[in-house]
Amino acid sequence: PVVEGPGRADARTDSVAVAGDAAHDASTFTTILDLLLTVGYIDGLFHQRERAFVHQYVDSLLLVIERSGDASPEERARLRGAWRTFFDDLYHRLDAELATLAQEVQPVGAEGFVPTRLRVRAVQLFRSLSPADRAIALEVVLALVHADGMVSGAEQRLYEELTAHFAAASAP
């Protein structure tokens, strides 16, 4: 499904931070945010520093959106506010969904059930991105897993799996 986000000034680059039209922006931003939150929960705890990293990343996207295009300062501020509301609502919805998933009761004898579901979700989200957006997502995921000062085994394995998918998709 296409996620509808706020409209914005005309600005086109190849970066996920300022992708083409608003529908593409919203879809890409939603996927990246979902991916970051999923990765944040992969080791069972979404650390406060990881949360802060995600919020700083969203703030940087909002700054790029606000500064892009030829709109008036008032229009750019309005668009930033609309995107802020979009991101805040999305963040809270995804955070609640993933927190619930991370705390799910595991079936008897199914150790790793929830982390596996989170890993599959992360890989699916990553693979749904364009190749250019995957490259950026990989860099942002790497920064996220280092945000709390410690890379867990689950985070390392997931990052390696995402890297392998990226390399396989990039191979001639």
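Residues numbered from 1 in each chain as written. Predicted model: local features only at pLDDT ≥ 70, side-chain atom pairs only at ≥ 80, totals over all residues. Heavy atoms only, no water.

Peer 1: Hey, could you run me through the packing of aromatic side chains in this one?
Peer 2: To describe a pair of aromatic rings, one takes the distance between the centres and the angle between the planes. Following the criterion strictly, the structure yields six aromatic pairs and no others. Ring centres of Phe-29 and Phe-87 lie 5.6 Å apart, and the angle between their planes is 40°; this geometry places the pair in the tilted category. Of this pair, Phe-29 sits in helix H1 (residues 22–41) while Phe-87 sits in helix H3 (residues 73–102); the two residues are 58 residues apart in sequence, bridging distant segments of the chain. Comparing Phe-29 with Phe-87, the two get one shared label, buried. The interplanar angle of 35° and the centroid separation of 5.8 Å between the aromatic rings of Trp-83 and Phe-87 together place this pair among those described as tilted. Of this pair, Trp-83 and Phe-87 both sit in helix H3, separated by four residues, roughly a single helical turn. Each member of the pair, Trp-83 as well as Phe-87, carries the same accessibility label: buried. Among the aromatic residues, ring-to-ring pairing joins Phe-29, Trp-83, Phe-86 and Phe-87 into one connected group. (Phe/Tyr/Trp six-rings, centres within 6.5 Å; stacked < 30°, edge-to-face > 60°. Helix = DSSP H or I, 4+ residues; strand = E, 2+ residues; numbered from the N terminus. Buried < 20%, exposed > 50% of the residue type's maximum accessible area, 1.4 Å probe, protein only.)

Peer 1: How should empty space enclosed by the protein be read in this particular structure?
Peer 2: For the structure shown, the criterion picks out one cavity of 30 Å³ or more. In this structure, the largest cavity encloses a volume near 40 Å³. As for the largest cavity, its lining consists of Leu-33, His-55, Val-58, Arg-84, Phe-87, Asp-88 and Tyr-91. Mapped by element, the contributors of at least two residues to the lining of the largest cavity are helix H2 (48–67) and H3. Of all the elements, H3 adds the most residues to the lining of the largest cavity, at four residues. (1 Å grid on protein atoms, 1.4 Å probe; cavity = no way out; pocket = protein on both sides within 12 Å on 5 of 7 lines; lining within 4 Å. Points joined across faces, edges and corners; volume = space filled by probe spheres on them.)

Peer 1: Quick question: what am I supposed to make of the pattern of salt bridges here?
Peer 2: Pairs can form between side chains of opposite charge whenever their charged atoms are close. Tallied over the full model, the rule gives eight salt bridges. A salt bridge links Arg-121 to Asp-34; its shortest N-O distance comes to 2.9 Å. With Arg-121 in helix H4 (residues 113–128) and Asp-34 in helix H1, the pair connects residues that are 87 residues apart, well separated along the chain. Here Arg-121 and Asp-34 have matching classes, each one buried. Each of the salt bridges in this network shares a partner with another, and the network as a whole consists of Asp-34, Arg-93, Glu-97 and Arg-121. (Salt bridge = Lys/Arg side-chain N within 4 Å of Asp/Glu carboxyl O.)

Peer 1: I'm lost on the environment of Arg-134 in this one. Help?
Peer 2: Here Arg-134 shows up in helix H5 (residues 131–146). Judged by its relative accessible area of 14%, Arg-134 is buried. Remark: the alpha-carbon pair of Arg-134 and Ala-169, spanning 35 residues in sequence, is separated by 9.9 Å. The residues contacting Arg-134, other than those within four sequence positions of it, are Phe-126, Arg-127, Leu-129, Phe-166 and Ala-169. (Contact = heavy atoms within 4.5 Å.)

Peer 1: What is the right way to look at the nonpolar core in this model?
Peer 2: Taken as a class, soluble globular proteins show a tendency for nonpolar side chains to be buried jointly. Formed by 42 residues in total, the largest nonpolar core has its most connected members in Leu-33 and Phe-87. When residues of this core are assigned to their parent elements, the largest contribution, nine residues, is made by H1. (Core = buried A, V, L, I, M, F, W, Y, C linked by side-chain atoms within 4.5 Å.)

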